[in-house]
Amino acid sequence: FVLVHTFPKKRSSAQPVISAKHPFQVELKQGKGYAWCACGHSQKQPFCDGSHKRNAPKISPLRFKAEETKEAWLCGCKCTKNPPYCDGTHKEGFVQNAELHSQPQK
Ligand code: FES
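How each quantity is defined
- Residues numbered from 1 in each chain as written.
- Predicted model: local features only at pLDDT ≥ 70, side-chain atom pairs only at ≥ 80, totals over all residues.
- Heavy atoms only, no water.
- Helix = DSSP H or I, 4+ residues; strand = E, 2+ residues; numbered from the N terminus.
- Polar contact = N/O pair within 3.5 Å; in protein donor to acceptor, adjacent residues only side chain to side chain.
- UniProt positions renumbered as here; feature names shortened; annotations may be inferred.
- Phe/Tyr/Trp six-rings, centres within 6.5 Å; stacked < 30°, edge-to-face > 60°.
- Buried < 20%, exposed > 50% of the residue type's maximum accessible area, 1.4 Å probe, protein only.
- Contact = heavy atoms within 4.5 Å.

Secondary-structure assignment places Ser51 in the loop between β2 (33-36) and α2 (52-55). Taking C-alpha positions, Ser51 is 8.9 Å from Cys37, a pair spaced 14 residues apart along the chain. Of the polar contacts made by the side chain of Ser51, one reaches the side chain of Asp49; its length is 2.5 Å.

A word on the UniProt feature "domain: Iron-binding zinc finger CDGSH type" (unreviewed entry) in the chain. As recorded in UniProt, the sites labelled "domain: Iron-binding zinc finger CDGSH type" (unreviewed entry) are residues 21-58 and 59-96. The straight-line gap between the two end C-alpha atoms of residues 21-58 is 23 Å; of that span, 11% is helix and 24% is strand.

This paragraph deals with the packing of aromatic side chains. In this description, an aromatic ring pair is defined by two values, namely the gap between the centres and the angle between the planes. All told, the structure shown has three aromatic pairs when counted by the stated rule. With a centroid separation of 5.6 Å and 25 degrees between ring planes, the pair formed by Tyr34 and Phe47 is classed as stacked. In this pair, Tyr34 is assigned in strand β2 and Phe47 in the loop between β2 and α2, connecting sequence segments 13 residues apart. Classification of Tyr34 as buried rests on a relative accessible area of 10%.

Turning next to the side chain of Gln45. Structurally, the position occupied by Gln45 is in the loop between β2 and α2. The class for Gln45 is buried, based on a relative accessible area of 18%. Within polar-contact distance, the side chain of Gln45 engages the backbone oxygen of Ser42 at 2.9 Å. In terms of polar contacts, Gln45 uses its side chain to reach the side chain of Lys78, at 2.9 Å. Contacts of Gln45, omitting those with residues within four sequence positions, involve Ser19, Phe24, Cys37, Gly40 and Lys78.

Right under this line is the structure:
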C-alpha cells in the first residue's frame, strides 16, 4: 500500500478560494445556462466572470442549465459537496474561521 502525495507547484491555483462565507440567493430561469464560479475569484459571485483564467487556470466554472424557474442558493464558499448549490458546508469552522479571500487584482 503506497501513500501518494502530490505537491503541485502552484497549490493556490488548483484550490478554490473562499469568496464568501454564505450562499448567494439567485433566481434561475428555466432553460437558461449558467456558469457557477468554482474558483472563488470572480467578482460577479456566484457566477463566473472569467477570473479563473488568470487566477486559477486549473479550475473551470461549473456550467449548468436550469431545469425550472426557481430561487436557488448557490454556494459562495466554494466548499460545497453539491455544487453549484449550498449544502451547508459554509457553517463549518474551517470556512467560518478562514480568512476571506481579498478581491483579485485587476
Ligand atoms: S456557501 Fe458554500 S456550502 Fe453554503
